[in-house]
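Residues per chain are reported as follows:
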Amino acid sequence: MIRPVKGKTPRRPAQKKPSSNQKDPVGVYCRVRPPAAEDEECCIEVISGTTIQLHPPDGIKANRNGEFKEMQYSFKRVFGIKTSQVELFNDVAKPLVEDLIHGKNGLLFTYGVTGSGKTFTMTGSPGQGGLLPRSLDMIFNSIGPYQAKRFVFKTDDKNGMEIQNQVDALLERQKRESQQSLLKTPSSKHRLDPEFADMINPGEACKAEGADEDSSYSVFVSYVEIYNNYIYDLLEEVPIDPIKPKPPQSKILREDQNHNMYVAGCTEVEVKSTEEAFEVFWRGQKRRRIANTQLNRESSRSHSVFSIKLAQAPLDADGDNVLQDKNQVTVSQLCLVDLAGSERTSRTRAEGNRLREAGNINQSLMTLRTCIEVLRENQMCGTNKMVPYRDSKVTHLFKNYFDGEGKVRMIVCVNPKADDYEETLLVMRFAEMTQEVEVARPVDRPICGFTAGRRQRNQAFKEELSRRLEERGGPINADSTSIISQLLQSLPPLPPSEITDPSDDHTLPRLIEVLEKRSRIRQMITEEFNKTANMLKSKLQEFDGSLSAKENLIHDQRGKLGEKDKVILNQKTEIDRLEKKSKMLEYKIDILQKTTNIYEEDKRSLQQELENREHKLQRELSEKKRIEVRMQGMVTDVKLKWEKECERRVNAKQLEMQNKLWVKDEKLKQLKAIVTENKGEQSGKPQRPSREKDRVAPKRSASPSPAPTGPPVRPLHRRSHSAGGERWVDHKPSSNLELDTVMQPNLPNAIKVSAPSERALSKCDKYVLTHQEIASDGEIQTKLIKGEVFKTRGGGQAVQFTDIETLKQEVPAAPSRKRRSSGNDPPKDAAMDGDWTDVETRCSVAVEMRAGSHMGPGYQHHGYQKRRKP
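Residues numbered from 1 in each chain as written. Predicted model: local features only at pLDDT ≥ 70, side-chain atom pairs only at ≥ 80, totals over all residues. Heavy atoms only, no water.

Concerning the overall build of the protein
Part 1 of the argument: Within the protein, the secondary structure is distributed over 17 helices and 28 strands.
Part 2 of the argument: Here the protein, with 870 residues, has 34% of them falling under the buried criterion.
Part 3 of the argument: Sequence separation of at least 24 residues holds for 71% of the intrachain contacts in the protein that already meet a minimum separation of 6. (Helix = DSSP H or I, 4+ residues; strand = E, 2+ residues; numbered from the N terminus. Buried < 20%, exposed > 50% of the residue type's maximum accessible area, 1.4 Å probe, protein only. Contact = heavy atoms within 4.5 Å.)

Some points on the packing of aromatic side chains
Part 1 of the argument: Counting across every chain of the model gives 10 aromatic pairs.
Part 2 of the argument: Aromatic pair Tyr-111 and Phe-430: ring centres 4.8 Å apart, planes at 45°, arrangement tilted. Residue Tyr-111 is located in strand β8 (residues 105-112), and its partner Phe-430 is located in helix α10 (residues 421-434); the two are separated by 319 residues in the primary sequence. We note that Tyr-111, like Phe-430, is buried.
Part 3 of the argument: Taken together, the ring pairs connect Tyr-223, Phe-278, Phe-281, Trp-282 and Phe-306 into an aromatic cluster.
Part 4 of the argument: The aromatic ring of Phe-430 is capped on one face by Arg-369, whose charged end is 5.9 Å from the ring centroid. (Phe/Tyr/Trp six-rings, centres within 6.5 Å; stacked < 30°, edge-to-face > 60°. Lys NZ or Arg CZ within 6 Å of the ring centre and 35° of its normal.)

Examining the environment of Pro-25
Part 1 of the argument: Along the chain, Pro-25 turns up in strand β2 (residues 23-25).
Part 2 of the argument: Residues Pro-25 and Gln-435, 410 residues apart in the sequence, show an inter-C-alpha distance of 6.3 Å.

Considering the nonpolar core
General note: in soluble globular proteins, nonpolar side chains tend to be found buried as a group.
Part 1 of the argument: One finds Ile-52, Phe-75 and Phe-398 to be the most contacted residues of the largest nonpolar core, which totals 52 residues.
Part 2 of the argument: Among the elements that make up this core, the one with the highest residue count is α10 (seven residues).
Part 3 of the argument: In this structure, Phe-75 is in contact with Val-28, Tyr-29, Cys-30, Thr-50, Ile-52, Val-412, Met-428, Ala-431 and Gln-435, ignoring residues within four places of it in sequence.
Part 4 of the argument: In this structure, Phe-79, Leu-88, Ile-308 and Leu-336 belong to the second largest nonpolar core, which totals 44 residues. (Core = buried A, V, L, I, M, F, W, Y, C linked by side-chain atoms within 4.5 Å.)

Section: empty space enclosed by the protein
Part 1 of the argument: With the rule as written, the count across this model stands at three cavities of 30 Å³ or more.
Part 2 of the argument: Taken as a whole, the largest cavity holds about 70 Å³ of empty space.
Part 3 of the argument: Forming the walls of the largest cavity are Leu-107, Phe-109, Val-337, Leu-339, Leu-368, Val-394, Thr-395, Phe-398 and Phe-402.
Part 4 of the argument: Within the residue set of the lining of the largest cavity, elements represented by two or more residues are β8 and α8 (393-397).
Part 5 of the argument: Residues of the lining of the largest cavity, tallied by class, amount to eight nonpolar, one polar and no charged. (1 Å grid on protein atoms, 1.4 Å probe; cavity = no way out; pocket = protein on both sides within 12 Å on 5 of 7 lines; lining within 4 Å. Points joined across faces, edges and corners; volume = space filled by probe spheres on them. Nonpolar A, V, L, I, M, F, W, Y, C, P; charged D, E, K, R; others polar.)

A short note on the packing of helix α1 (residues 85-101) against helix α3 (residues 131-143)
Part 1 of the argument: At their nearest, the axes of α1 and α3 sit 9 Å apart, and the two run at 45° to each other. Here α1 is positioned oblique relative to α3, judged by the angle of their axes. With respect to the hand of their crossing, α1 and α3 are arranged in right-handed fashion. Side by side, α1 and α3 meet where Gln-85, Val-86, Leu-88, Phe-89, Ala-93, Lys-94, Val-97, Glu-98, Leu-100 and Ile-101 of the first sit next to Leu-131, Arg-134, Ser-135, Met-138, Ile-139, Ser-142 and Ile-143 of the second.
Part 2 of the argument: For the contact of α1 with α3, the class distribution of residues is 11 nonpolar, three polar and three charged. (Axes fitted to C-alpha atoms, helices over the stretch in contact; angles between N-to-C directions. Parallel < 35°, antiparallel > 145°, perpendicular 65-115°, else oblique. Left-handed = near helix turned anticlockwise from the far one by under 90°.)

Brief notes about the sheet that holds strand β4 (residues 44-46)
Part 1 of the argument: What the three strands build is an open sheet, ordered β4-β5-β6; its pairing is antiparallel. On the outer flanks of this sheet lie β4 and β6 (71-74), each paired with one strand and no other. On average, each strand axis in the sheet is inclined to that of its neighbour by 25°, with strand direction left out of account.
Part 2 of the argument: Direction of pairing for β4 relative to strand β5 (residues 51-54): antiparallel, over a ladder of three bridges. Note that in β5 the partner of Glu-45 across the bridge is Gln-53.
Part 3 of the argument: With respect to the sheet, α10 is in contact with β4, β5 and β6, its orientation differing from that of β6 by roughly 45°. (Pairing = 2+ DSSP bridges.)

Take a look at the structure:
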């Protein structure tokens, strides 16, 4: 008995990895579902066979410019609302089925919002079969005549395939038939379920070209569900308890020896027809519905994966049995995935367990988006980031497809109603990103090196043998019979060899002669055969020589071809590098373009803001000019008013001063007259004038006395405030001289400084400045200028001068003014009054020490005339 042989899933050989130029982008298609009602608001418009446009519905928030933005998205092909299931299958799924028959893997999944038509696209409805039943029908139409008997191929528990001999396969078939005879009645053997009988239409059958007639095929199907990130087998034979339902046992993912992921312990059913395969799928659908009903689950919140596994192995040299060679067994797989609905949890209005389910579904879809995004970034930017396949069971199960184990195609199903606009927008962005991911193209793998047409020759031989058996009633080899008959006809016939008489001398000599003749003919035939053999040998040698020469030529040509291949490979590598660089530059240009657009928008907004501010500034300047003109008018009016007032006051003051000067002149005249009169009397008879004469003398003036303008104001003698209890700043400049006088000003609690400072002024409330100057008589005159310290609004300190004390030294030996005066000198009272006027007309000085100033006190003179002494 021949031992079973394990096959392996087709995988790229490690030493023969496809280069980067052998990559195909993920094929992304879009299908638009027809609207539920004719008057329903739609947000999707099909622009062309490859482009759709999204229109924001009413109520959607506008962009920053206040306008609704319409966006366009491109796909490999867009299927409108009038697209039939046959047209969709021919464009999307048919190439994947052809690759499956040729030993290549494929992955097809539907993606979209709940209610967008994913299940209808994958499964279909009565009379309109979807991609799944049409794929099964095409597979069995293509390999139907070449299918192996049941149980010749057998799956193991490690994602491998075993090949059994005819005896073991027969025993298993008999065992299986006996079990089915106990479970099913003969009347129900070929009856189809009416729920899916109309989905399979024989009139729309299609067939793949290029199926290997020298191979045997067998189809295995499996059906799993991924719910809450757990994997459940929908084909597992588990008794269902309607009273106390139990959740099914979850499965785990494992990795086989070829690093391919598979569901450990998953049921794989061998099917031999489209009806049987779809019946198995429908049985899994029923179990899924029952489990969802008993466990209170929603079918739209789980992913379903239907896998079609096709095992093929070449026939042996006789073309009768499957070749028992594990290296020649090929297993290809096509996965049809119906992903769960992609919508936000807030839109589902779920609570409790339902909310957790929605969160898990969104998490798995988010992981799929993340994996696609990382793959895209690695390919476009040349990075080597780790793709997080293990974060979700969906991505972990199909990671081999994205690593180059087969083609990947996605159908994006969209619902044009306005309520799904935001979810549809997210789906479109994911689809747009998925199109930029490239998957390595799988390498073709030869089946075997036997001569083609083995099955056909074996079939022809069997038919000819059957015909001859029917004609002759026994097994005869036609080729050997014809050769023997030709040899017998070339030899002379044997004479009768019966000897009846001992004296018969004719029979034996005739027999000997015939035999000798036959021997000569045989020898001639042998010589002719040897001659022909030698000729054939020489011909073969010539053919060998020419063949070796041709082989040498072919070897040389192969060497040249290898060099050309190296050149082509280098050129392809350079082209690939340039394409990668071009993609990178395009990606950077795209980023720069987006950045430029952002900057342009910011520039426009800033320019608008600048224009607004310029307009505002112009208005403020015009308002300022208007206020300045108004203030200038007011200042001019006030200035004219004060000029008139000052002129009036000056005229009044001049008149007053003239009156006072006239009074003084009169007094001086009277005094002069008295002095002159006294001198005359002293020269004759000295006599003192009486008081009456003194009082009458002023009345002798010829000019009348002017009426006084007002009572004379005498400045009160004010005592120095330095004796008080306030704290003083005693400012004595360093240029002052020490006079060593007995009378010195005494200021208790005083801070003595040579230059005033803000710090000293902030600690005191009084200020005194000691100022020295030379008087008119040449003596040093000391003035004590006193003031009060107060704080200013600017945070500094200011001094307002309030009083002046004068300290003056006189020499006793100096002549008095009266004695120096003469008749020609000006009146002394006038001189004294003039000196007094110079001191009295001095203005008070305000000193302000500003915060942060380093220039010392600044003096600001505010002049106003004080009253003069009478």
